[in-house]
Amino acid sequence: MSSPSKPSKSGASTESSRTPRGPGKGRRKTRLLRWLVLSIIPLSILAVVGLLILTVVSYRVAARFEAREQESPTRIYGRTLSLEKRALLPADDIVARLKRLGYRQTKGDPASPGEFKPASTLTIYQRAFEAPGGTVAARRMRVHYTGRRIAWVEDARSGDAIEDARLEPEVLTTLYGAQQEDRTVLAIEEFPRQLIDAVLVTEDRHFYSHPGVDPIGMARATLANVRSGAIRQGGSTLTQQLAKNLFFEQERTFTRKLSEAGVALILERRYSKQRILQAYLNEIYLGQRGSVSIRGFAQAATFYFGKDVRFLDLSEEATLAGLIRAPGVYNPFLHPERALERRNQVLAAMEEEKKITPVQRRAAQALPLRLRKDQAAVSASSKGVSYLADYVRQMIDDDAVDFSRAGMKVFTTVDPILQRRAEEAITRGVAGLETSYRKLRRKEGLDKIQGAMVALDPQDGSVLAMVGGRDYATSQFNRITQAHRQPGSLFKPFVYLAGYEKSRSAGWVQDAFTPATQIQDEPLEMTVAGKLWAPANYDNEFRGPVTAQMALEQSLNVPTVRAAQMVGLKSVVDIATRAGVKSALKPYPSVALGAQEVTPLDIASAYATIANHGLRNEPYLVESIEDARGGVIFARKAQPAKRAVSAESAYLVTVGLQGAMDRGTAASSRTLGFTGTSAGKTGTTNEYRDTWFCGYTPDLLALVWVGFDDGDSTGLTGAQAALPVWVDFMLHSGAATEESFKEPSGIVWEQVDPLSGGVARWSCPESRWMAFLEGTEPTEKCELHGLFGGWWSRREHASDRSVE
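Residues numbered from 1 in each chain as written. Predicted model: local features only at pLDDT ≥ 70, side-chain atom pairs only at ≥ 80, totals over all residues. Heavy atoms only, no water.

Another aspect to go through is the overall build of the chain. Scanning the chain for helices and strands turns up 24 helices and 30 strands. Counting all 804 residues of the chain, 53% fall into the buried class. Long-range pairs, those at least 24 residues apart, make up 68% of the contacts in the chain between residues at least 6 apart in sequence. Carbon and sulfur atoms make up 52% of the accessible area of the chain, which totals about 38,100 Å². (Helix = DSSP H or I, 4+ residues; strand = E, 2+ residues; numbered from the N terminus. Buried < 20%, exposed > 50% of the residue type's maximum accessible area, 1.4 Å probe, protein only. Contact = heavy atoms within 4.5 Å. Areas by Shrake-Rupley, 256 points an atom, 1.4 Å probe, with all protein chains shown as cover.)

Quick look at the structure:
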């Protein structure tokens, strides 16, 4: 037997004493490694994802912040008001405009820009403003009057005459974005220091020291909110308020407050304090004007006080700063006592922080609320201006730019006073027609009778007023620029213009077409496009031979068609096109009676060529466009007028249209009260579908259309429907003048028998002075009335008055 092995000193055999490692320790290392891998990688992924999310959020916050810095509505302005010597600008009209511009009336001499004092001499402290052509500096001036006209304007300090005095352009309308908010973006340097102090002591005294959130303020507000179980206190810094306005809804929740704080931290990290403060002053909500939000202190200064924010006094600055907490509660228009109490709290806080002295606080507290008086008018929107806004949009249309939010300034040629007068005349006119004529009243749901008007300066083609319909809210169709209608008798002057021009250019003498040319007014038949056409006069009567001028004054159809044939239909179309009618016209006989469609703006432009002595200007509305930073995007280049027809031919037509006003189809204008120098023409289409009137003085042209969009008959003539609207507009616009139309050289006058066209004898029952191109005047004596024949051969139709 073998003896047992000796035990080792350790009490175990060598082999048996080596205990295997087993899985324990290795497994622990494996598990640790696995845990590290499974934990670190997800955490790393989470960190990367979190960093990406933070980067994306930061980028979006920055993008929104920077876009909003330049985001404000586009404003459309009317023309500057030129206070020219001898201009017919009654003081009442200027005062009304000053109030709409936000000027404040004072009892003493105006002390700061934006104030005026009405008296026998109107004193205005004009504000500085931007206008086409550059900046106009602020200055105090006195306007002296002679009756209703400006005598002269002088500098209130030096007494020197001011030749270029003018008032800033008035905002006609604002193109708002979907959010319907009004704001004016300014640089931080343009805000008064005391206004900034008022805002900081009221809303965020530690603005320059905190990182975007105020932990102490938030803790205090959080404790109060937890106790109440709802959000009662904000504790928000100015930066948090800005974040809320830019990115979040207005409901108060803990989640929103946390998100708001996060955005505030991002803003503070990316932007300087001054830039954040600037954005806040331009962004903060400060009230409501109807459906439009008032954003920022620049717009609030205009809305509440009618002042440029740079010229606010301490009391006004404190009032605006006090609105931040609750604009509805402290609205000075609705709650003046609350507004005063809140203003005084702000002033006290400013004194406590040593931003103002006790003397300044007491002086500011002693002042009443001096609010603008016309806040109701500011809230009112103009029906007609919306048509203008649409027309401007079409002219500057660009899919890449949201014009309603681009902060542009669009300077137009529109005269705000004339624009309002045009809107009022259309509104009164169509409503009056419905009252007077039962047949014009439509049942509920059917389109009502419409009216439209455009007014031009005939000397340069600028659009002074445009009303595309009776109510923009119910129809956005602009009947001045978009409608194509038959002008009817409104076209006839171009037939006679073509005749006079052809005589002049061809050098006719014996057979020249003149105002005294005899044209037969008797039945006429002709074949047109294989069909028999027999034009008739409006009264279905015939007068025998008549002069061209009488045919134009009385708007006789048959003589006008004969005149077109004498002159040549192609010549008629050519003259109308050269004068400004852009619509395609064909040389058919019916063109003489206005049976082919044109737009009202086209026909008004062509009439303006006649009024402007044969010189054609393209009608235009936009003078210039500036971007949000004041850079000029577009500036209209002055275009020289083009000679379309001779001044002499145009003048002969004007004389004929003066006859229409005095004794022809538009003679009712005199019984309606319009006096003074004027020329004009009525127009009525077949079955009384369209009624027109276009008339002008030496300085102003206006065209009126009245009818149904669907072409239904009105049963009325141009003299009955359109002419009264024109008269209403002209009377309320102060356009009546005794100044004569300028007579060009090469015109001679002769006393003519209006029936025969010959030089009048003493025995002629009636005679008129007629204008002629020199060399074409009649030389033969009247053959119709012999030496004694006039006593018994008076023809009754010589005194006919048309109502066409």
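This part covers unusual backbone geometry. The phi angle at Asn540 is positive, at roughly 60°, despite the residue not being glycine. Along the polypeptide, Asn540 turns up in the loop between strand E20 (531–533) and strand E21 (544–547). For His613, which is not glycine, the phi torsion reads 60° and is therefore positive. In this fold, His613 is placed in the loop between helix H20 (600–611) and strand E22 (615–616). Given a relative accessible area of 29%, His613 falls into the partly exposed group.

Looking now at the sheet that holds strand E14 (residues 292–295). Pairing within the open sheet is mixed, and its three strands lie in the order E12-E14-E13. Each end of this open sheet is capped by a strand with a single partner; those strands are strand E12 (181–183) and strand E13 (285–289). In this sheet, adjacent strand axes meet at a mean angle of 30° when their direction is disregarded. (Pairing = 2+ DSSP bridges. Axes fitted to C-alpha atoms, helices over the stretch in contact; angles between N-to-C directions.)

Let's shift gears to the packing of helix H6 (residues 238–247) against helix H8 (residues 273–283). As a packed pair, H6 and H8 sit with axes 10 Å apart at the nearest point and diverge in direction by 55°. In this view, H6 runs oblique relative to H8, as classed from their interaxial angle. Remark: the crossing between H6 and H8 carries left-handed chirality. In this structure, H6 contributes Leu238, Thr239, Gln241, Leu242, Asn245 and Leu246 to the contact, and H8 contributes Ile276, Leu277, Ala279, Tyr280 and Glu283. Of the residues belonging to the contact of H6 with H8, the class tally is seven nonpolar, three polar and one charged. (Parallel < 35°, antiparallel > 145°, perpendicular 65-115°, else oblique. Left-handed = near helix turned anticlockwise from the far one by under 90°. Nonpolar A, V, L, I, M, F, W, Y, C, P; charged D, E, K, R; others polar.)

Predicted confidence across the chain gives a mean pLDDT of 84, with 85% of residues reaching 70 or more. Ignoring residues within four places in sequence, the model shows residues 1–17, a span with pLDDT below 50, making two contacts including any to other chains. Below a pLDDT of 50 lies the segment residues 788–803, which in the model reaches 31 contacts outside its immediate sequence neighbourhood of four places, other chains included. (pLDDT = per-residue confidence, 0-100.)

Let us look at the sheet that holds strand E26 (residues 679–684). Taken together, the five strands give an open sheet; going across it, the order is E17-E16-E28-E27-E26, and neighbouring strands pair in antiparallel fashion. Single-partner strands in this sheet number two, and they are strand E17 (463–467) and E26. The mean inter-strand angle of the sheet, taken between neighbouring strand axes irrespective of direction, is 10°. Summarising the sheet, strand E16 (residues 450–456) and strand E28 (residues 701–707) pair through seven bridges and their orientation is antiparallel. Residue pairing in the sheet places Ala452 in a bridge with Trp705 of E28. Against the sheet, H20 touches E16, E26, strand E27 (690–696) and E28, its axis set at about 150° to E28. Strands in contact with helix H21 (residues 647–663) are E26 and E27; relative to E26, the strand with the most contacts, it is inclined by about 70°.

Here we come to the environment of Arg470. Checked against the element boundaries, Arg470 lands in the loop between E17 and helix H16 (492–506). Residue classification places Arg470 among the buried positions, given a relative accessible area of 16%. Taking C-alpha positions, Arg470 is 6.3 Å from Ile426, a pair spaced 44 residues apart along the chain. Side chain to side chain, Arg470 and Glu434 meet in a polar contact 3.0 Å long. A distance of 3.0 Å separates the side chain of Arg470 from the backbone oxygen of Ile449, its partner in a polar contact. (Polar contact = N/O pair within 3.5 Å; in protein donor to acceptor, adjacent residues only side chain to side chain.)

For the rest of this paragraph, the subject is the pattern of salt bridges. A side chain with one charge can pair with a side chain of the opposite charge if their charged atoms come near. Applying the stated rule across the entire model yields 39 salt bridges. Arg142 serves as the salt-bridge partner of Glu154, at 4.0 Å between the closest nitrogen and oxygen. Taken as a pair, Glu154 in strand E9 (residues 149–155) and Arg142 in strand E8 (residues 139–146) lie far apart in primary sequence, 12 residues in all. Accessibility expressed as a relative area gives 15% for Glu154, which makes it buried. (Salt bridge = Lys/Arg side-chain N within 4 Å of Asp/Glu carboxyl O.)

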